[in-house]
Amino acid sequence: MKKLSFLALCATALLMGFSACTGNQNNNAANSEADEQQVFIGDDIAIAQTQYGKVQGFMSRDVYTFLGVRYGASTEGANRFMPPQEPAPWDGIVPAMVYGYCAPQNDPNYANNPGVWRDHWNYSNLSEDCLFVNVWTKGLADGKKRPVMVWFHGGGYAAGNGIEQDGYHGENLARYGDIVFVSVNHRLNAFGFSDFSGVDGKYEDSGNAGTLDMVAALKWVNKNIENFGGDPNNVTIMGQSGGGAKVCTLVAMPETKGLVHKAVALSGNSNNALSQDYSRELGKFIVKYSKKTVEQLQQMPWREYLAMANAAVQEFNKTQNLGGGMMRGGFQPVADGKHIPAAGYYDDLNAPSAQVPMIYCSTMAEFSPAQANPELENLDAEGLGKYLDQRYPGKGAAVAAAYQKAFPQANAGDIIGMATSPRTGIINNITLKAKQSAPVYLAWFGFNPPTFNGRARAFHCIDICFWFRNTDRMVTHSGGGKRPRDLADKMSDALLSFMRTGNPNCGALPEWPAFNEADKPTMILNDVCEVRNDPDGEALAAMK
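If you're wondering where the values come from, they're calculated on a predicted model, not measured in any experiment. (Residues numbered from 1 in each chain as written. Predicted model: local features only at pLDDT ≥ 70, side-chain atom pairs only at ≥ 80, totals over all residues. Heavy atoms only, no water.)

Engineer: Hey, could you run me through the side chain of Asp 463 in this one?
Structural biologist: The residue Asp 463 is located in the loop between α14 (451–454) and α15 (464–467) in this model. The buried charged residue Asp 463 lacks any salt bridge, with Arg 118 as its nearest oppositely charged partner at 11 Å. In contact with Asp 463, not counting residues within four places along its chain, are Leu 266, Cys 361, Thr 363, Phe 445 and Met 491. (Helix = DSSP H or I, 4+ residues; strand = E, 2+ residues; numbered from the N terminus. Buried < 20%, exposed > 50% of the residue type's maximum accessible area, 1.4 Å probe, protein only. Lys, Arg positive; Asp, Glu negative; His and termini not counted. Salt bridge = Lys/Arg side-chain N within 4 Å of Asp/Glu carboxyl O. Contact = heavy atoms within 4.5 Å.)

So this is what it looks like as structure tokens:
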């Protein structure tokens, strides 16, 4: 992953619930604070009541920290493919000091390369006993009714966990904004989304087991968060990449009414779920491919089941006419018409989702190839057009010219980053959401860190640490220091305003209008923040 000394240091700090990878962990911490005791743990410290029993965490820099708090029973054995079950209540006090198990997934494989250095993933053991949340808060059962943030991780629906990057850490935002921060682990891949409803009615919810885990976590928040100083009637859900799609799905589910009040989707979104015709046929194929009953599949060692199910998907998809994109087939939420709408998420203007304000944000250069290819920086207009022709045959020059017109200071590397990042789907989906009654806001994150000779640009995942005031914690993304910290101050203030009021305007940024189809106002988040109307319009028209 990285040099052993750095990995060992981060792993030790991970168990303590904070990163030792940088000196200043709080974006606004005074230097003198580092001279005082910062972590407190002991017999009478950080004890909270949940509906199932008491848990004990620790205090880190005046923030109560609870890691690995159980919200559901183990999902192994007979619970595999079934809706989440409540855990058995416990007596005494259960430790909540170390992150809970990650959901089963392919074992992480960390090569020694710049991308792994940049993201330096955090993973604990993998287990089907994976239904845990982490909580950061400044107060316990004190009646303060703090706004609540619930974070859903990325990794599509196949991988990830609630603290896989240091940028996900909730301590700094909880301290600065006096909010309660919750992050969630839930079932993934073939364990969360194998649809056997066409095999046996007993498994009617199996195709959405992972999504129902997320709903169970939100129900846990609703029932327990007052004991952690939070307001169950003011909950914002937020996710990035696959987590952004999860957020959109959760907002659209009828059973989250009253559990979700605001939502933020970063670098990922969706407007529909997987066809149940597809998912049911896949479930039948898995049974046929494995030559086992569903009951026997429940008892298979999880690594064997995952390998077999992934192989079955590959074979099954050879027989299907699948398009591209997030919903191209496989293990994902299912449009069953019961938990998740069978139609588009925002088609019903009177659905519960209509009352949920949202922010959509994407980075300017999500998967730019320029970081690893310095020769792309200095392409002339002809070379740039030819390069983009590979993606937009015969239209590369027009796309490049449109982005050059919209962003006159952009060089070839900047333009390639913008032209190869997904914009159309985001704008289409936010346009649909904007037809509902609640306001929705659009932003592009454009900060280019100084790393990789200035070629990193606003890559996938970079903006998370800015929203959560973790730029000095996730220095491999931000570069660290005052420059990213200044932008993090503005973005986190806007996020906190949105959590409190459903409106991100608070004075930290220029006036941020709600999105409308005519003007498409877009907040550009960078060293200098500004609102631009439809900055991608000409380029997207050229792409068509």
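What follows picks up the thread again.
Engineer: Explanation requested: the packing of aromatic side chains in the structure shown.
Structural biologist: Aromatic rings in a pair are described by how distant their centres are and how their planes are angled relative to each other. Under the definition given, this model contains 23 aromatic pairs. With a centroid separation of 5.1 Å and an interplanar angle of 90°, the aromatic rings of Phe 66 and Phe 228 are classed as edge-to-face. Linking Phe 66 in strand β5 (residues 63–70) with Phe 228 in the loop between α5 (209–224) and β10 (230–240), this pair joins segments that are 162 residues apart in sequence. Taking the relative accessible area as the measure of exposure, Phe 228 reaches 0% and is therefore buried. (Phe/Tyr/Trp six-rings, centres within 6.5 Å; stacked < 30°, edge-to-face > 60°.)

Engineer: Would you take a moment to explain the sheet that holds strand β2 (residues 47–50) for this structure?
Structural biologist: By definition, the strands of a sheet pair up through backbone hydrogen bonds, in either a parallel or an antiparallel sense. Overall, mixed pairing links the three strands, which are arranged β2-β3-β6 in an open sheet. The open sheet is flanked by β2 and β6 (93–95), the only strands paired with a single partner. Along the sheet, successive strands turn relative to each other by an average axial angle of 35°, direction set aside. For β2 and strand β3 (residues 53–56), the ladder comprises four bridges, and the chain directions are antiparallel. Paired with Gln 49 across the strands is Lys 54, a residue of β3. (Pairing = 2+ DSSP bridges. Axes fitted to C-alpha atoms, helices over the stretch in contact; angles between N-to-C directions.)

Engineer: In this structure, what is going on with helix α13 (residues 424–434)? I would like to understand it.
Structural biologist: Because an α-helix packs 3.6 residues into every turn, residues spaced three or four apart end up facing the same way. Buried residues of α13: Ile 426, Ile 427, Asn 429, Ile 430, Thr 431 and Lys 433, and no others. The secondary structure elements touched by the buried residues of α13 are β14 (358–363), β15 (440–445) and α18 (537–543).

Engineer: In this structure, what is going on with helix α11 (residues 396–406)? I would like to understand it.
Structural biologist: Among the residues of α11, Gly 396, Val 399, Ala 400, Ala 402, Tyr 403 and Ala 406 are the ones counted as buried. Seen from one end, α11 has its buried residues packed into an arc of 160°, which puts them on one side. Packed against the buried residues of α11 are α10 (381–389), α12 (412–419), β17 (530–533) and α18. (Arc of directions from axis to C-beta.)

Engineer: Sorry, what's going on with the environment of Gly 210 here?
Structural biologist: Along the chain, Gly 210 falls in helix α5. Taking relative accessible area as the criterion, Gly 210 reaches 0% and is therefore assigned buried. With 234 residues separating them in the primary sequence, Gly 210 and Trp 444 have C-alpha atoms 29 Å apart. Not counting residues within four places of it along the chain, the set of residues in contact with Gly 210 comprises His 186, Arg 187, Gly 192 and Phe 193.

Engineer: Before we go on, may I ask you to explain the nonpolar core in this structure?
Structural biologist: Looking at soluble globular proteins, one finds that nonpolar side chains tend to be buried together. Counting residues in each nonpolar core, the largest one holds 155 residues, and the members touching the most others are Ile 237 and Tyr 305. If near-sequence neighbours (up to four positions away) are discounted, Tyr 305 is found in contact with Arg 80, Phe 81, Ala 190, Phe 191, Ser 194, Phe 196, Ile 286, Leu 297 and Met 300. (Core = buried A, V, L, I, M, F, W, Y, C linked by side-chain atoms within 4.5 Å.)

Engineer: I tried to follow the state of the cysteines on my own but got confused; where do I start?
Structural biologist: Each disulfide is one covalent bond, formed between the sulfur atoms of two cysteines. A full pass over the atoms with the stated rule returns zero disulfides. For Cys 361, which is in no disulfide, the shortest distance to another cysteine sulfur is to Cys 529 and amounts to 11 Å. Not engaged in a disulfide, the cysteine Cys 461 finds its nearest cysteine sulfur in Cys 465; these two sulfurs lie 10.0 Å apart. What makes Cys 461 buried here is its relative accessible area of 8%. (Disulfide = S-S within 2.5 Å.)

Engineer: Please explain the pattern of salt bridges as it appears in this structure.
Structural biologist: One side chain can pair with another of opposite charge once the charged atoms of both are near each other. Enumeration according to the criterion identifies 26 salt bridges in this entry. Linking Glu 226 and Lys 145 is a salt bridge whose minimum nitrogen-to-oxygen distance equals 2.6 Å. Highlighted residues: Glu 226 in the loop between α5 and β10 and Lys 145 in the loop between β7 (132–137) and β8 (146–152), separated in sequence by 81 residues. On the basis of relative accessibility, which here comes to 40%, the residue Glu 226 falls in the partly exposed class. What makes Lys 145 partly exposed here is its relative accessible area of 41%. Where Glu 377 meets Arg 457, a salt bridge forms, and the shortest distance between an N and an O atom there is 2.8 Å. Note that Glu 377 is positioned in the loop between β14 and α10 and Arg 457 in the loop between α14 and α15, a separation of 80 residues in sequence. With respect to class, Glu 377 is no different from Arg 457; both count as buried. Through salt bridges with shared partners, a single ionic network connects Asp 142, Lys 144, Arg 146 and Asp 178.

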